[in-house]
Amino acid sequence: MNNAMTRTPQSVRLGKTQVRSTPDGQISAYDALAALGLEGSPERLQEIVEQHGLEPRLHNFGKGREPVLGYGDFVTLSFALETPEARRWRGKARDLLRRYLEGDIQLAAEVAERSPSPEHRRWLSARLESVEARKRFMSTVARHGGEGSIYREVSSLSNRSVLQMDSGEFRRKRRVKNTRDGMSAAELLRLSYLETATAQAIEAKGVRGNEQILRLHKQKAEVERRLWEEEPDPAS
């Protein structure tokens, strides 16, 4: 028998409803309607699709091809419909926006837990560590007399050392607005290690002023670059 016809589909919970999902992040259109308090029938779906300009794709969950929607489509419907379930989703959306604006770190944890990818969670961990490493580095530079252009110069040197290109070229190639958003977990770990190593060296050697700080950072960057070329695994 065809494996596609016997496998158990993936699913996610939307509110109180278990919704079938695809590996690429689409959800059953019929299940989505049920989660929004509507009849999950082909006729009702066709009406909703035409009314809101949606374009479902097709996916086989094991019993033949059926329409699927993206999460963006689900959000569109939750803001457009007037069912009790849709209104509850709008209330949840307001609460999520409030928590985002407040910087509620538990919200980030909840989002990370929903991700099915361990690699994505490792990337998030590396991304957060890079933020803390950068703050510690810049704070150390400031305490040791750094001022003016030194912050831009050490940042540029860090990025060139890890990425082998300047930040502008990197953002264009990976199509991101923020340099760190385009980095892999390995690149983020390398960046964190370099900036932490320089901060520790600044403290240990007691260097002061832009010239000494930049010279020391160049030395650390060159040493770490050679080590990375010899041992590409940043965990080492």
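Above: the structure in question.
Rules used in this analysis
- Residues numbered from 1 in each chain as written.
- Predicted model: local features only at pLDDT ≥ 70, side-chain atom pairs only at ≥ 80, totals over all residues.
- Heavy atoms only, no water.
- Phe/Tyr/Trp six-rings, centres within 6.5 Å; stacked < 30°, edge-to-face > 60°.
- Helix = DSSP H or I, 4+ residues; strand = E, 2+ residues; numbered from the N terminus.
- Buried < 20%, exposed > 50% of the residue type's maximum accessible area, 1.4 Å probe, protein only.
- Polar contact = N/O pair within 3.5 Å; in protein donor to acceptor, adjacent residues only side chain to side chain.
- Contact = heavy atoms within 4.5 Å.
- Axes fitted to C-alpha atoms, helices over the stretch in contact; angles between N-to-C directions.
- Parallel < 35°, antiparallel > 145°, perpendicular 65-115°, else oblique.
- Nonpolar A, V, L, I, M, F, W, Y, C, P; charged D, E, K, R; others polar.
- Pairing = 2+ DSSP bridges.
- 1 Å grid on protein atoms, 1.4 Å probe; cavity = no way out; pocket = protein on both sides within 12 Å on 5 of 7 lines; lining within 4 Å.
- Points joined across faces, edges and corners; volume = space filled by probe spheres on them.
- Patch = residues over 30% accessible without salt bridge, like charges linked within 9 Å, V, L, I, M, F, W, Y side chains within 5 Å.
- Areas by Shrake-Rupley, 256 points an atom, 1.4 Å probe, with all protein chains shown as cover.
- Salt bridge = Lys/Arg side-chain N within 4 Å of Asp/Glu carboxyl O.
- Core = buried A, V, L, I, M, F, W, Y, C linked by side-chain atoms within 4.5 Å.

Hey, could you run me through the packing of aromatic side chains in this one?
A ring pair, where both rings are aromatic, is described by two values, the distance of the centres and the angle of the planes. Considering all chains together, one arrives at 1 aromatic pair under this definition. Between F74 and W89 the ring centres are 5.2 Å apart and the planes differ by 90 degrees, which places this aromatic pair in the edge-to-face class. Taken together, the residues span a long stretch of sequence, with F74 in helix α4 (residues 71-80) and W89 in helix α5 (residues 84-102) at a distance of 15 residues. By relative accessible area, which is 5% here, F74 ends up buried.

Please clarify how the side chain of T198 should be interpreted in this entry.
Mapped onto the elements of the fold, T198 is located in helix α11 (residues 185-205). There is a polar contact of 2.8 Å between the side chain of T198 and the side chain of H217. Look past the residues within four positions of T198 in its chain and what remains in contact with it is F137, L216, H217 and K220.

Explain the packing of α4 against α5 here, please?
Packed helix pairs are specified by the crossing angle of their axes together with the interaxial distance, meaning the distance between the axes. α5 packs onto α4 with a crossing angle of 110 degrees between their chain directions and a minimal axis gap of 7 Å. If you check the angle between α4 and α5, you find them roughly perpendicular. Contacts from F74, S78, F79 and A80 in α4 reach A86, W89, R90 and A93 in α5. Of the residues contributing to the contact of α4 with α5, the split by class is 6 nonpolar, 1 polar and 1 charged.

How should the pairing of strand β4 (residues 57-60) be read in this particular structure?
Two faces make up the sheet, and in a regular strand the side chains alternate between them. Two strands pair when backbone bridges link them, and β4 and strand β5 (residues 65-70) are joined in this way by 4 bridges, in the antiparallel orientation. Among the inter-strand pairings, L58 is bridged to a residue of β5, identified as P67. Linking β4 back to β5 in an antiparallel pair, the connection comprises 4 residues, with G62 at a positive phi of about 130 degrees.

Quick question: what am I supposed to make of the layout of surface pockets here?
Over the atoms, a rolled probe matching the size of one water molecule traces out where space is still vacant. Approximately 800 Å³ is the volume found for the largest pocket. Forming the boundary of the largest pocket are 26 residues, of which R13, L14, Y71, W89 and R114 lie nearest the centre. Of all the elements in the fold, those that place two or more residues in the lining of the largest pocket are β1 (10-14), α4, α5 and α6 (105-114). Sorting elements by how many residues they give to the lining of the largest pocket places α5 first, with 6 residues.

Would you explain a nonpolar patch on the surface in this entry?
Nonpolar side chains collect at one region of the surface, where L97, Y100 and L101 lie side by side and expose about 390 Å² of accessible area between them. With respect to the helices, strands and loops of the structure, Y100 is situated in helix α5. By relative accessible area, Y100 is classed as exposed at 59%.

Any chance you could explain the pattern of salt bridges here in plain terms?
Opposite charge on two side chains allows them to pair when their charged atoms are near. Summed over all chains, the structure comprises 22 salt bridges. Notably, a salt bridge pairs E129 with R136, separated by 3.0 Å at the nearest N-O pair. One salt bridge connects R134 with E195, and the closest N-O pair in it is separated by 2.5 Å. Note that R134 is positioned in helix α7 (residues 118-143) and E195 in helix α11, a separation of 61 residues in sequence. Assessed through its relative accessible area of 0%, E195 is described here as buried. Salt bridges here are not isolated pairs; linked through shared partners, they connect R20, D31 and E66.

Where do I start with the side chain of S155 in this structure?
With respect to the helices and strands, the residue S155 is situated in helix α8 (residues 150-163). Separated by 3.3 Å, the side chains of S155 and R134 make a polar contact. Ignoring any residue separated from it by four or fewer positions in sequence, one finds S155 in contact with R134 and M138.

Looking at this structure, how should I read the nonpolar core?
Side chains of nonpolar character tend, in soluble globular proteins, to be buried together. In this structure, V154, I202 and I213 are the most contacted members of the largest nonpolar core, which totals 25 residues. Going through the elements one at a time, α7, α8, α11 and α12 (209-230) are the ones with two or more residues in this core. Among the elements that take part in this core, α11 stands out by supplying 7 residues, more than any other. Beyond its immediate chain neighbours, meaning those up to four positions away, I202 contacts F137, T140, V141, H144, V207, I213 and L216. L14, V19, L33 and V49 belong to the second-largest nonpolar core, a separate cluster that totals 20 residues.

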